[in-house]
Amino acid sequence: METGTRWLSPEQQVAWRAYLLGTARLMAKLDEDLRRFGIGINDYEILVRLSESPDRRLRMADLADRLHQSRSRLTHTVGRLEAADLVRRTSCTSDKRGVWAELTEAGFSLLEQAAPYHVEGVRENLVDLASSDDFAAVGRVFDAVSEHVGQR
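Residues numbered from 1 in each chain as written. Predicted model: local features only at pLDDT ≥ 70, side-chain atom pairs only at ≥ 80, totals over all residues. Heavy atoms only, no water.

Would you mind going over the packing of aromatic side chains with me for this structure?
The full count for this structure, using the stated rule, is three aromatic pairs. Centre to centre, the rings of W16 and Y19 are 5.6 Å apart; their planes meet at 25°, and the pair counts as stacked. Linking W16 with Y19, this pair stays in helix α1 (residues 10-34), spanning three residues, or about one helical turn. The exposure class assigned to Y19 is partly exposed, which follows from its relative accessible area of 34%. Taken together, the ring pairs connect W16, Y19 and F142 into an aromatic cluster. Of note, R36 hangs over the ring of Y117, and the distance from its end group to the ring centre comes to 4.4 Å. One residue, R56, lies across the ring of F108, its end atom 3.5 Å from the ring centre. (Phe/Tyr/Trp six-rings, centres within 6.5 Å; stacked < 30°, edge-to-face > 60°. Helix = DSSP H or I, 4+ residues; strand = E, 2+ residues; numbered from the N terminus. Buried < 20%, exposed > 50% of the residue type's maximum accessible area, 1.4 Å probe, protein only. Lys NZ or Arg CZ within 6 Å of the ring centre and 35° of its normal.)

Structure (structure tokens):
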């Protein structure tokens, strides 16, 4: 009976499973590496996004969108970072419903300490394992995935 399903070829299945396992292991390793600084990979990404933003701050809704996290999950995570004095939340004066997440000096200092170790981990466990052409291909594939899935 024909279902019309376009099953993965054996080669595609191997690649798909390698992606799933490799991604899970890579993220776990990068998270573990950052624990020495008292943060995890999700915390680190929040600090990075804030550090790259004007005045080191973003509206919580924009930060959630950029990280592709639910607003409730982000609120919980930012609450932990706020308790550690790494991030501060302030009201948006132009929109009473809006809330800013701001990187504190302590948060920026921690990011400056953690970033070299994190980048080395990314290099050692991903970038340096691929040729420059293969790594560029990964970037192109996931740009296409992001664009395609983001349109739904």
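We are not done yet, so read on.
Teacher, can you tell me more about the pattern of salt bridges here?
Scanning the model with the defined rule gives nine salt bridges in all. A salt bridge links R80 to D43; the nearest nitrogen and oxygen atoms lie 3.0 Å apart. Of this pair, R80 sits in helix α4 (residues 71-83) while D43 sits in helix α2 (residues 41-51); the two residues are 37 residues apart in sequence, bridging distant segments of the chain. With its nearest N and O atoms 2.8 Å apart, the salt bridge here joins R89 to E82. Note on E82: relative accessible area 28%, which makes it partly exposed. One continuous salt-bridge network, built from bridges that share partners, spans R57, R88 and E102. (Salt bridge = Lys/Arg side-chain N within 4 Å of Asp/Glu carboxyl O.)

Would you take a moment to explain the confidence of the model for the chain for this structure?
Keep in mind that low pLDDT regions are not for reading the predicted coordinates in detail. When pLDDT is averaged across the chain, the result is 93; 96% of the residues are at 70 or more. Per-element mean pLDDT across the chain ranges from 92 in helix α3 (residues 60-67) up to 98 in helix α5 (residues 105-125). (pLDDT = per-residue confidence, 0-100.)

Honestly, the nonpolar core in this entry has me stumped. Any pointers?
Soluble globular proteins: nonpolar side chains tend toward being buried together. Within the largest apolar cluster, 26 residues are counted, with the highest numbers of intra-cluster contacts made by I39, I46, L47, L50, L63, L74 and V87. Looking at this core, the elements that each hand over two or more residues are α1, α2, α3, α4, β3 (99-103) and α5. Per-element tally for this core: the top contributor is α2, with six residues. With residues up to four places along the chain from it excluded, the contact list for L50 reads R56, R57, L58, L63, V87, A101, E102 and L103. (Core = buried A, V, L, I, M, F, W, Y, C linked by side-chain atoms within 4.5 Å. Contact = heavy atoms within 4.5 Å.)

Whenever I open this one, the packing of α2 against α5 confuses me. Can you help?
Packed helix pairs are specified by the crossing angle of their axes together with the interaxial distance, meaning the distance between the axes. The interhelical angle for the contact between α2 and α5, taken along N-to-C directions, is 115°, at an axis separation of 10 Å. Of the two possible hands of crossing, α2 and α5 adopt the one that is left-handed. The segment α2 lies against α5, with I41, Y44, L47, V48 and S51 engaging G107, F108, L110, L111, A114, A115 and H118. Classifying every residue of the contact of α2 with α5 by side-chain character gives nine nonpolar, three polar and no charged. (Axes fitted to C-alpha atoms, helices over the stretch in contact; angles between N-to-C directions. Left-handed = near helix turned anticlockwise from the far one by under 90°. Nonpolar A, V, L, I, M, F, W, Y, C, P; charged D, E, K, R; others polar.)

How should I be thinking about the packing of α3 against α4 in this particular structure?
Axis separation between α3 and α4 bottoms out at 9 Å; the angle between their running directions is 105°. Between α3 and α4, the angle falls in the class roughly perpendicular. The residues of α4 that touch α3, namely those facing M60, A61, L63, A64, D65 and L67, are R71, L74, T75 and V78. When the residues that make up the contact of α3 with α4 are grouped by side-chain class, the tally is seven nonpolar, one polar and two charged. (Parallel < 35°, antiparallel > 145°, perpendicular 65-115°, else oblique.)

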